[in-house]
Amino acid sequence: MTVYRVAELFSSINGEGTRAGQLAVFVRFQGCNLACAFCDTKWANEADAPCREMTAEEIVQEIRRTGIVNVTLTGGEPLLQTGIGELLERLGREPDLRVEIETNGSIDLTPYRKPEHPPCFTMDYKLPCSGMEQFMCEENLSAMEPQDTVKFVAGSRADLERAAAVIGQYDLTNRCHVYLSPVFGDMDPADIVEYMKQHCMNHVNLQLQLHKMIWDPDARGV
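## So, the packing of helix H4 (residues 157–169) against helix H5 (residues 189–198)
Remark: H4 packs on H5, axes separated minimally by 11 Å, with the N-to-C direction vectors making an angle of 40°. Relative to H5, H4 is oriented oblique. Helix-helix and strand crossings are classified by hand; for H4 and H5 the assignment is right-handed. Residues Arg157, Leu160, Glu161 and Ala164 of H4 pack against Asp191, Ile192, Tyr195 and Gln198 of H5. Its residues placed into classes, the contact of H4 with H5 shows 4 nonpolar, 1 polar and 3 charged.

## So, helix H2 (residues 56–66)
Regarding H2, the residues found buried are Ala56, Ile59, Val60 and Ile63. The buried residues of H2 occupy an angular sector of 95° when the element is viewed end-on, so they sit on one face. Where H2 is buried, its residues contact strand E1 (3–13), strand E2 (23–29), strand E3 (52–55), strand E4 (70–74) and helix H3 (84–92). Just downstream of H2 lies Gly67, where phi reads positive at about 75°.

## What to know about the nonpolar core
By size, the foremost hydrophobic cluster in this structure holds 53 residues, and its most contacted members are Phe29, Ile59, Leu73, Val150, Phe152, Leu172 and Leu180. Beyond its immediate sequence surroundings of up to four residues, Leu180 is in contact with Phe152, Leu160, Ala163, Ile192, Met196, Met201, Val204, Asn205, Leu206 and Gln207.

## Some thoughts on the pattern of salt bridges
Counted by the stated rule, this structure contains 15 salt bridges. Taking the shortest distance from any N to any O, the salt bridge between Arg157 and Glu161 comes out at 3.5 Å. A residue pair is termed a helical-turn pair when its members lie 3 or 4 positions apart in one helix, as Arg157 and Glu161 do in helix H4 at 4 residues. What makes Arg157 partly exposed here is its relative accessible area of 42%. Owing to a relative accessible area of 41%, Glu161 belongs among the partly exposed residues under this scheme. When the shortest N-O distance is used, the salt bridge between Glu194 and Lys197 registers 3.1 Å. Of this pair, Glu194 and Lys197 both sit in helix H5, 3 residues apart, which is roughly one turn of the helix. Through salt bridges with shared partners, one network takes in Glu57, Arg64, Arg90, Glu94 and Asp96.

## Section: the side chain of Ser181
Structurally, Ser181 is set in strand E8 (residues 177–182). Overall, the relative accessible area of 2% leaves Ser181 in the buried class. A polar contact of 3.1 Å, which involves the side chain of Ser181, links it to the side chain of Gln207. Among all residues touching Ser181, those that are not within four sequence positions of it are Lys151, Phe152, Val153, Ala154, Ile192 and Gln207.

Scoring rules and cut-offs
Residues numbered from 1 in each chain as written. Predicted model: local features only at pLDDT ≥ 70, side-chain atom pairs only at ≥ 80, totals over all residues. Heavy atoms only, no water. Axes fitted to C-alpha atoms, helices over the stretch in contact; angles between N-to-C directions. Helix = DSSP H or I, 4+ residues; strand = E, 2+ residues; numbered from the N terminus. Parallel < 35°, antiparallel > 145°, perpendicular 65-115°, else oblique. Left-handed = near helix turned anticlockwise from the far one by under 90°. Contact = heavy atoms within 4.5 Å. Nonpolar A, V, L, I, M, F, W, Y, C, P; charged D, E, K, R; others polar. Buried < 20%, exposed > 50% of the residue type's maximum accessible area, 1.4 Å probe, protein only. Arc of directions from axis to C-beta. Core = buried A, V, L, I, M, F, W, Y, C linked by side-chain atoms within 4.5 Å. Salt bridge = Lys/Arg side-chain N within 4 Å of Asp/Glu carboxyl O. Polar contact = N/O pair within 3.5 Å; in protein donor to acceptor, adjacent residues only side chain to side chain.

Okay, structure coming up:
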């Protein structure tokens, strides 16, 4: 029986994305294949990070006990979990659950696009400030679907320029939702707004991390 390494499982509000402000159950998995300069969950990325070993059925039952229908699989990088497709299939058999996968942009999403159990993806594109852009799976950008989101976290004007280039190259605003976020504490959101105005970035959303405004930015389980 497949077991998953769950660093934390909790309910809160979505702090980001198209469901920002809505209740969600978060399942955070242990482990990541990237090391972004601004990562805010480094504690969960290590191979020896504390975690619970849970089966798909145990995860579904804990989600069900909350009564919340939005489910966010996050990390770390959830798609690194052995047997993650089995968990997605099991979640897909719960017709009222709305499953979102937060993924770091380095892994091919094709194997997880099952038409009978379609999740939505919120995929990062790692800009230069992350130090991880060379690991991006750019084929994913051509395969984004209307329910998906591409998120760019910017730490400088150069990052914004790179984001604008990627958005244009892959026609992302006509494929999916697109969000720009500042590296928390490093870039003024007003500077992003000015850049959006200067470049007439229609259909691009400024995104601020609600959970970091409501709670301590370093708090876990929120």
